[in-house]
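# Observations on chain architecture
The lines below spell out each chain.
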Amino acid sequence: MKKIINNKEPWFKWLTSELNSYEAFQDFASGKNPEDVAEDFISKNRFAISEVFKNFDEDDKDTLDQFLKLTECELHVFRILEKQIASRNKIRFVDFKKRKK
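Residues numbered from 1 in each chain as written. Predicted model: local features only at pLDDT ≥ 70, side-chain atom pairs only at ≥ 80, totals over all residues. Heavy atoms only, no water.

Now for a negative patch on the surface. The grouping of Asp57, Glu58, Asp59 and Asp62 at the surface amounts to a negative patch. With respect to the helices and strands, the residue Asp59 is situated in helix α5 (residues 58–90). (Patch = residues over 30% accessible without salt bridge, like charges linked within 9 Å, V, L, I, M, F, W, Y side chains within 5 Å. Areas by Shrake-Rupley, 256 points an atom, 1.4 Å probe, with all protein chains shown as cover. Salt bridge = Lys/Arg side-chain N within 4 Å of Asp/Glu carboxyl O. Lys, Arg positive; Asp, Glu negative; His and termini not counted. Charge placed at Lys NZ, Arg CZ, Asp CG, Glu CD. Helix = DSSP H or I, 4+ residues; strand = E, 2+ residues; numbered from the N terminus.)

Set out below in structure tokens:
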């Protein structure tokens, strides 16, 4: 897969750095759902995010669109894997040689 996201965009570097350092798993452990964790992240970073949008242009929007497509694809891959694991765990093996007489 070709790299389609422009990692040279300052806002993108900032966002990925902040997301990578954000302790989302602590929030998950305390019972928060992903939407609430995302809302908390946005709330905690609202001033920096508002600065990002001041200089947001069409190239930045294209980068964001590509990132959204990529993360949606990743989500589908993880869901497919989750279903395969769940179905694998449901398979029962029957030994027909050990029939009761």
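Right, let's get into the confidence of the model for the protein. Across the protein, the average pLDDT comes to 84, with 84% of residues at 70 or higher. The least confident element of the protein is helix α1 (residues 10–21), whose mean pLDDT is 86; the most confident is helix α3 (residues 34–44), at 94. (pLDDT = per-residue confidence, 0-100.)

Take Leu19: it is sitting in helix α1. It is 8.2 Å that separates the C-alpha atoms of Leu19 and Phe41, two residues lying 22 residues apart in sequence.

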